Amino acid sequence: MNYVSTRDKSVKVSAATAIARGISVEGGLFVPDTFPKFNEKDFENLSKLDYKARAKFVLKHFLNDFTEQEVDYCVEGAYTGSFDNEQPAPIALLGKNANILELWHGPTCAFKDLALQLLPYLLTTSAKKVAGGKKIVILVATSGDTGKAALEGFKDVEDTEILVFYPSEGVSPMQKLQMSSQKGDNVHVCAIVGNFDDAQTGVKKIFTNNEVKEKLAKNNMQFSSANSINWGRLAPQIVYYVSAYCDMLARGEELKDGFNIVVPTGNFGNILAAYYAKKMGVPVNKLICASNANNVLTDFIKTGVYNRNRDFYTTISPSMDILISSNLERMLFELYDNDDKAVAALQDSLSQNGEFKVTDEVKSALSELFWGGCCDDKATVDTIEKYFKEYAYLADTHTAVALNVYEQYVKETGDDRATVIASTASPYKFAKSVLSAVTDEKSDSEFGEVKLLCEVTNTEIPEPIAALENATARFTDICEKENMLEAVYNSLNIK
Ligand SMILES: *Cc1c(COP(=O)(O)O)cnc(C)c1O
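Since the model is a prediction, treat every value here as computed from it, not as a measurement.

Cut-offs and rules
Residues numbered from 1 in each chain as written. Predicted model: local features only at pLDDT ≥ 70, side-chain atom pairs only at ≥ 80, totals over all residues. Heavy atoms only, no water. Salt bridge = Lys/Arg side-chain N within 4 Å of Asp/Glu carboxyl O. Helix = DSSP H or I, 4+ residues; strand = E, 2+ residues; numbered from the N terminus. Buried < 20%, exposed > 50% of the residue type's maximum accessible area, 1.4 Å probe, protein only. Near = heavy atom within 4 Å. Polar contact = N/O pair within 3.5 Å; in protein donor to acceptor, adjacent residues only side chain to side chain. Areas by Shrake-Rupley, 256 points an atom, 1.4 Å probe, with all protein chains shown as cover. 1 Å grid on protein atoms, 1.4 Å probe; cavity = no way out; pocket = protein on both sides within 12 Å on 5 of 7 lines; lining within 4 Å. Sits in = over half its atoms within 2 Å of the grid points. Nonpolar A, V, L, I, M, F, W, Y, C, P; charged D, E, K, R; others polar. Pairing = 2+ DSSP bridges. Axes fitted to C-alpha atoms, helices over the stretch in contact; angles between N-to-C directions. Contact = heavy atoms within 4.5 Å.

Asks: Looking at this structure, how should I read the pattern of salt bridges?
Replies: For side chains of opposite charge, pairing can occur when their charged atoms come near one another. Enumeration over the complete set of coordinates arrives at 24 salt bridges. Among the ionic pairs, Asp247 bridges to Arg54, the shortest N-O distance being 2.8 Å. Of this pair, Asp247 sits in helix α11 (residues 231-250) while Arg54 sits in helix α3 (residues 51-60); the two residues are 193 residues apart in sequence, bridging distant segments of the chain. Assigned by exposure class, Asp247 and Arg54 land together as buried. For Arg251, the salt bridge goes to Glu253, with nearest N and O atoms at 2.8 Å. Owing to a relative accessible area of 36%, Arg251 belongs among the partly exposed residues under this scheme. Sharing partners across several salt bridges, the network here consists of Lys52, Lys56 and Glu76.

This is the structure:
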């Protein structure tokens, strides 16, 4: 297996190079040129193993130039002692069919931890192989959860520096505090005036700027990315969908007709990992893409037209407030049968005109695989209330969007087969909104809300959130989006 760029298939590299670079020189994303295929026997064997063993099995197939010992070292390092549960991705079964795949038991209480606890190991192992001793500089644009998860993953990791940009008004107070109070000698955090797409566009520009690259090289440094444009983010996410299937098998589920997966979606990374799991043999029926009021993907799946020229909404599920879903590019590469020129043309149209349209053939392939739905903030809050009343289950705002869209799907199609619903964050990360769904009681402080939520719902405050109560902000810089490069140079002490 090698990795090729979605915009130029003649760019062909190993896993270590794909991970160390993060993005291809011409702006395309790295994807495997072949995928492993697992059979029933494989899944049966895996269902008897724990999460780490499943992760090793899956990842070995993707890390073509890693030794078996290196893969084992990375997986053990990532998933030992960092999750509050021996199983990093446990399932809570609600009713007969709804398998809530809880992906928020890691150090930052969001699903990004599953990948970002592993990525530093993958990246430093890759850099040793292919980056010739250069220091790796991680640039991150975040809508809230990636930033903190990346900071936690990379803090004090040797030969790395990490710099995170977040939209100043586009993250929750808890997310802001999580990032601004980050410890570590190699970490830098900067708020920008703008939204997530501005941050992401800014980071992409810096990444692909040759002058900047040369300057870093002179200082013995090289950029890489911890955003889900990096293949090292996606591969670990495939694991938990394989693992969820194995858990259902281990429980004795038949799943003859397969099962559905619902994913609350922003940048399209998480749902893409679910698609790859399907491609590799996990019997997934429909991939259900759930959006908030920023429903560009819902429209795309229904019409085949992707159009980002629309109002941007700041919602109570901020990690999904995105109008440019960068990982859709990898899906287009699949849908267009690895036609790099077609993908490059679509991406070109997106950056020139803010939109693109797929062919009729691709549109029908898309709606064969995916079902798209969305809901607004009011429906999100109502859904949290409903699941708490009916099942005593407390969902966060993102998971609630998925639950709401799941119900829309069942209502419209009558398809009530077993379903995995990705639960992407702890409700305590979004305490204010979640609290308003379950009680009229109010508090005027962030931690008052956390404590009240705990009292009212009789659920546990995750330890990393409790620990923030006495944290102080260390990073308070705000910069204009035009000045991001300057912020990078300052953080790295480069003139
Ligand atoms: C990042 C994030 C999402 C969106 O995931 P994508 O992979 O970007 O689609 C959803 N929910 C939460 C809580 C997140 O942090």
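Asks: Honestly, the site of the ligand in this entry has me stumped. Any pointers?
Replies: In the vicinity of the ligand lie 15 residues, with Lys112, Asp145, Gly266, Asn267 and Thr424 positioned nearest. Asp145 has a polar side-chain atom sitting 2.5 Å from an oxygen atom of the ligand. For the ligand, an oxygen atom lies 2.8 Å from a polar atom in the backbone of Gly266. Burial of the ligand by the protein chains amounts to 97% of its free accessible area of 390 Å². Placement of the ligand is best described as lying within the largest cavity. Class assignment for the residues of the shell around the ligand results in 5 nonpolar, 8 polar and 2 charged.

Asks: Where do I start with the sheet that holds strand β9 (residues 221-225) in this structure?
Replies: The strands that make up a sheet pair up through hydrogen bonds in the backbone, lying either parallel or antiparallel. Spatial ordering of the open sheet is given by β9-β6-β7-β8-β16, a layout of 5 strands whose pairing is parallel. Looking at which strands have only one partner, the edges of the open sheet turn out to be β9 and β16 (478-480). The average undirected angle you get between the axes of adjacent strands in this sheet is 30 degrees. Across 6 bridges, the pairing between strand β6 (residues 135-141) and strand β7 (residues 160-167) is parallel. Considered in β7, the bridge of Ile136 is made with Thr160. In this fold helix α7 (residues 145-154) packs onto β6, β7 and β8 (187-193), with an angle of close to 165 degrees to the strand it touches most, β7.

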